[in-house]
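Given next are the chains, with one letter for each unit.
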Amino acid sequence: MWRGGFLTMSLVTDAFVSQIAAVEPWPENATIYQPLKSEQVLLSDNASCLAVQAFLQMCNLPVLVVCRANAEYMSPSGKVPFIHVGNQVISELGPVVQFVKAKGHSLSNGLDEVQKAEMKAYMELVNNMLLTAELYIQWCDEATLEEITQPRYSSPYSWPLSSILVLKKKLEIKRKMKAIGWAGKKLEQVYEDVDQCCQALSQRLGTQPYFFNKQPTELDALVFGHLFTILTTQLTNDELQEKVKNYSNLVAFCRRIEQNYFEDHDRDSSSSSSLRLPRGPTLP
Amino acid sequence: MELRYWGGDWGLPSVHPECLVVLAYAKFGGAPLTLNPVDYTWASSQGIVPILTYEDEIITKPANILTFCRKHKYNADYVLSAREGSDTLAYIALLEERLLPAIVHTFWVDSDNYSSVTRPWYASRIPFPLRFYLPGKMSREALNRILVTKGQPPLYSMNEVEAQIYKDAKECLNLLSNRLGTSQFFFGDTPTTLDAFVFGFLAPLYKARLLKVQLQEHLKQLPNLCDFCDHILCLYFTEHAEDG
């Protein structure tokens with residue numbers, strides 16, 4: 001299916017993509033598209049956008065950040081963010097990692113087979129627990145849905161389209177929750193899952209600067225995207241934030257990546273400016 | 001503690017991956033289970049199996065049952081460090097996201113395997129007239145789960161979704177094989193939760209006599225994973241290993 005007139009990439013066309021991707025170097029005008037930052041983006045989408053940005057920063061690949069109200073509908077997979085490189089459009093972290101690898105940039109090349117398995121496993125853990133918990137809180141917790149999700153998600157549109165789109169998305173997420181057995185979960189249990197996931201990440205990280213010691217990998221980018229977003233997003237209550245703040249090495253980890261990969265970047269580009277961990281109470 | 005589960009066949013104590021996870025963990029942790037296989041009764045009509053009943057408590061889902069066993073001192077994980085406990089959680093997420101969809105597809109969605117292996121097996125253990133309804137319902141639920149969780153754009157046709165989940169599963173098997181290496185179990189010399197999950201998910205695939213064998217063939221090319229299954233069967237489930 002064609003969207004936006006670009007050549008869309010599905011995972012099934014991997015081989016084809018690696019062939020053509022390898023030929024062309026990373027262009028100057030590579031662009032990442034994401035939803036509007038201040039009034040539209042939701043917790044889970046912001047986490048995914050930040051993860052892809054962090055990954056590209058870590059690879060030292062320049063990319064222009066463009067915010068569009070209809071980013072979700074421009075994306076070939078219906079999910080944000082997506083990058084537009086040359087004549088190709090790739091959405092979400094997994095395919096972006098593959099695509100960038102085909103261009104000869106990889107963060108995980110130095111890992112041995114066992115470490116690669118471990119990296120993939122922890123990435124699935126983050127997607128399986130943190131991302132699902134974020135979606136649950138946004139769309140299945142009535143208070144959050146009413147106060148935050150609904151007004152933000154529908155902000156670019158006028159009634160009745162706004163209500164229709166919210167309802168459509170809500171039903172889609174509920175269907176997914178039902179299929180994976182989360183429909184009957186209570187909010188408390190979801191917070192417990194988040195805590196369990198953070199505990200696992202905290203123990204795995206230990207005192208190292210990154211998950212595989214000196215060099216960051218795509219796992220670091222993914223974890224950073226989610227945890228940084230949780231730490232800097234104001235929800236109806238602080239419970240989710242507090243779960244992450246309990247683990248001081250994870251907070252320090254977020255700050256480290258922010259300093260190393262986003263603060264220099266901010267100076268020469270004004271496009272991503274709202275990345276800042278609040279100083280103060282979280283510092284030891 | 002009483003466990004309701006789908007019974008054994010093909011040289012396995014249970015043909016159902018999630019039941020097998022629980023059975024294996026109970027053996028590893030030494031939990032005394034009263035086994036109650038689903039067999040010609042109406043009690044299975046809800047189709048939620050495995051179920052553990054202990055006094056007044058009813059626990060479903062393998063992860064919850066394993067946590068319950070651990071709380072009651074039947075713990076196979078006491079040898080693990082905190083870091084290894086975290087790894088266990090991560091690998092289970094990997095198995096559930098990458099491997100399970102293809103296993104479920106192999107048994108419940110693939111029409112050749114479903115009509116020649118899965119449906120006859122389950123139907124023979126479900127009373128009339130439910131036997132004509134329940135296997136179909138389980139198959140539809142399996143398909144629905146795969147479509148809802150994996151079948152998003154840009155994968156528009158079932159063929160594309162299938163190609164993707166089998167590719168993921170084969171990659172996952174390779175990762176597991178690399179992770180296991182030449183060790184006997186995933187964390188040294190004693191089996192733990194992760195071993196129960198890997199065994200539970202792999203053993204039915206390894207032992208079933210399927211018509212469509214693409215994932216099975218891939219597993220059989222990874223001798224350390226096959227040996228791992230055989231080894232656990234031989235150490236903990238001798239009575240079943242013989243007739244397989």
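Values in this document were obtained by computation on a predicted structure and should not be read as measured data.

A. How the structure looks around the UniProt feature "domain: Metaxin glutathione S-transferase" (unreviewed entry) in chain A. UniProt marks residues 195-257 of chain A with the feature "domain: Metaxin glutathione S-transferase" (unreviewed entry), using the numbering shown here. Helix and strand shares over residues 195-257 of chain A are 68% and 0% respectively, and the end C-alpha atoms of the span are 21 Å apart.

B. Structural detail: the nonpolar core. A:Phe55, A:Leu56, A:Ile83, B:Leu99 and B:Phe199 are the most contacted members of the largest nonpolar core, which has 166 residues in total. Mapping this core onto the domain boundaries places at least three of its residues in each of domain 1 (8-102) and domain 2 (113-258) of chain A.

C. Examining the packing of aromatic side chains more closely. As enumerated under the stated definition, the model contains 18 aromatic pairs over all chains in all. Aromatic pair A:Phe224 and A:Phe262: ring centres 5.5 Å apart, planes at 20°, arrangement stacked. Of the two residues, A:Phe224 sits in helix α9 (residues 218-232) while A:Phe262 sits in helix α11 (residues 248-268), which places them 38 residues apart along the sequence. On the basis of relative accessibility, which here comes to 0%, the residue A:Phe224 falls in the buried class. Between B:Phe199 and B:Phe237 the ring centres are 6.0 Å apart and the planes differ by 5°, which places this aromatic pair in the stacked class. With a gap of 38 residues between them, B:Phe199 in helix α7 (residues 193-207) and B:Phe237 in the loop between α9 (223-236) and α10 (238-243) connect regions that are remote in the sequence. Positioned above the aromatic ring of A:Trp182 is the side chain of A:Lys185, whose terminal nitrogen or guanidinium carbon lies 3.9 Å from the ring centre. Between A:Arg204 and the ring centre of A:Phe212, over which it is positioned, the NZ or CZ distance is 4.8 Å.

D. Up close: the state of the cysteines. Applying the stated rule across the entire model yields 0 disulfides over all chains. A:Cys198 supplies the cysteine sulfur nearest to A:Cys197, a cysteine that is in no disulfide, at a spacing of 5.7 Å.

Conventions used here
Residues numbered from 1 in each chain as written. Chains lettered and ligands numbered in written order. Predicted model: local features only at pLDDT ≥ 70, side-chain atom pairs only at ≥ 80, totals over all residues. Heavy atoms only, no water. UniProt positions renumbered as here; feature names shortened; annotations may be inferred. Helix = DSSP H or I, 4+ residues; strand = E, 2+ residues; numbered from the N terminus. Core = buried A, V, L, I, M, F, W, Y, C linked by side-chain atoms within 4.5 Å. Buried < 20%, exposed > 50% of the residue type's maximum accessible area, 1.4 Å probe, protein only. Domains from an automatic or database assignment. Phe/Tyr/Trp six-rings, centres within 6.5 Å; stacked < 30°, edge-to-face > 60°. Lys NZ or Arg CZ within 6 Å of the ring centre and 35° of its normal. Disulfide = S-S within 2.5 Å.

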